[in-house]
Amino acid sequence: MNFLKPLSLLAFYAISLQSTAAEIDTVNIKSKAMQVTYKAVVIKPASYAQNDKKYPVVYLLHGAMGHFNTWLNKTPNKSFLTSLADQYNTLIVMPEGEIYSWYIDSPFDKKSQFETHVSKEVVEKIDALYRTVKGNIGRAITGYSMGGHGALYLSARHPDLYACAGSISGGVDMNYTKFKITGDFSGTKREFERILGTSNPDSEIFKNNSIVNMLELLKKNALPISIDCGVDDYLIDVNRALHEKMVAQKIPHDYTERSGGHTWDYWENALTYQFVFFDKIFKKNGAKQG
């Protein structure tokens with residue numbers, strides 16, 4: 001019997017699969033701000049290796065107690081993110097935000113400078129390593145929980161970097177007494193004291209760093225925003241409050257509530273809709289080639 005033909009066909013099939021599947025890279029990114037090297041995950045759509053086009057980028061932030069690879073490891077469907085990258089021909093970048101940074105530059109902890117890291121160090125590194133659409137027309141940013149707050153916060157403060165932003169189950173108000181949870185807040189207080197110098201949720205630094213109190217920037221920048229939160233989520237009240245304030249101030253945005261809580265099933269589903277939102281804006285901006 002001739003085994004060479006079946007083996008050659010099997011090898012061809014394996015090569016074909018590789019050429020039609022998104023690739024996952026892990027990139028080391030030196031942080032001058034924090035004097036440490038962090039990792040980021042980058043998902044390249046399969047088409048990236050087949051042409052020389054430039055690609056838009058969705059920056060995807062993790063929540064509290066997470067890390068750069070949390071989205072990749074925790075989604076129920078393990079091929080979910082690679083499928084999104086392929087479907088929308090978009091790079092997906094997941095940077096490090098540490099377990100409790102809120103994606104701000106802490107004035108009290110020099111090892112927690114994640115506004116600078118994500119919006120400067122990570123963006124510059126990704127633009128240097130990959131064929132990206134330069135400028136804000138081809139960048140979106142979103143995340144879940146702490147990362148949802150981070151995405152709105154960073155886009156509000158850096159509208160020159162992002163075309164649009166999203167938040168999924170976002171902690172859009174740092175005032176933890178407004179969260180619909182009970183229990184011991186001692187760990188939360190310690191972390192806030194580390195990055196904000198106080199655990200008093202009524203202090204100015206809490207208010208000034210919460211996106212719910214940054215509506216003037218949101219209105220001035222006029223970036224397209226998508227906010228999504230489950231009706232059973234313990235952060236639903238703060239999301240509704242942000243939505244109501246934005247409506248009152250006539251700040252355009254998409255707002256969605258659907259069945260579900262603070263879960264990976266919910267975040268996976270919500271991100272599917274946010275990619276539709278981002279893709280429409282990328283196309284409108286001319287960031288999608290061909």
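Residues numbered from 1 in each chain as written. Predicted model: local features only at pLDDT ≥ 70, side-chain atom pairs only at ≥ 80, totals over all residues. Heavy atoms only, no water.

Chemist: I'm lost on the packing of aromatic side chains in this one. Help?
Modeler: Two aromatic rings, taken as a pair, are described by how far apart their centres are and by the angle between their planes. Applying the stated rule across the entire model yields 19 aromatic pairs. Taking the centre distance of 5.7 Å and the plane angle of 45° together, the rings of Tyr88 and Phe275 count as tilted. Linking Tyr88 in helix H3 (residues 80-88) with Phe275 in helix H10 (residues 264-285), this pair joins segments that are 187 residues apart in sequence. In terms of burial, Tyr88 and Phe275 fall into one category: buried. Where Tyr144 meets Trp267, the ring centres are 4.2 Å apart and the plane angle is 25°; that geometry is what we call stacked. With Tyr144 in the loop between strand S5 (139-143) and helix H5 (146-157) and Trp267 in helix H10, this pair connects stretches of sequence that are 123 residues apart. Here Tyr144 matches Trp267 in class, with each residue buried. Site record: aromatic cluster; members linked through ring pairs are Tyr100, Trp102, Tyr176, Phe185, Phe192 and Phe206. For the cation-ring pair, Arg131 lies above Tyr48, with the distance from its terminal atom to the ring centre recorded as 4.0 Å. (Phe/Tyr/Trp six-rings, centres within 6.5 Å; stacked < 30°, edge-to-face > 60°. Helix = DSSP H or I, 4+ residues; strand = E, 2+ residues; numbered from the N terminus. Buried < 20%, exposed > 50% of the residue type's maximum accessible area, 1.4 Å probe, protein only. Lys NZ or Arg CZ within 6 Å of the ring centre and 35° of its normal.)

Chemist: So what exactly am I meant to see when it comes to the nonpolar core here?
Modeler: Generally speaking, soluble globular proteins have nonpolar side chains that are buried together. By size, the foremost hydrophobic cluster in this structure holds 57 residues, and its most contacted members are Tyr59, Ile141, Phe192 and Leu242. It is H5 that contributes the most residues to this core, 6 residues altogether. Beyond its immediate chain neighbours, meaning those up to four positions away, Phe192 contacts Tyr100, Trp102, Met174, Tyr176, Gly197, Thr198, Ser199 and Phe206. Core analysis: the next-biggest nonpolar cluster, separate from the first, contains 32 residues, Val41, Phe68, Trp267 and Leu271 among them. (Core = buried A, V, L, I, M, F, W, Y, C linked by side-chain atoms within 4.5 Å. Contact = heavy atoms within 4.5 Å.)

Chemist: Explanation requested: unusual backbone geometry in the structure shown.
Modeler: Negative phi characterises most residues that are not glycine, and trans characterises most peptide bonds. The residue Glu98 is not glycine, and still its phi comes out positive at about 55°. Along the chain, the position of Glu98 falls in the loop between strand S4 (91-94) and helix H4 (114-129).

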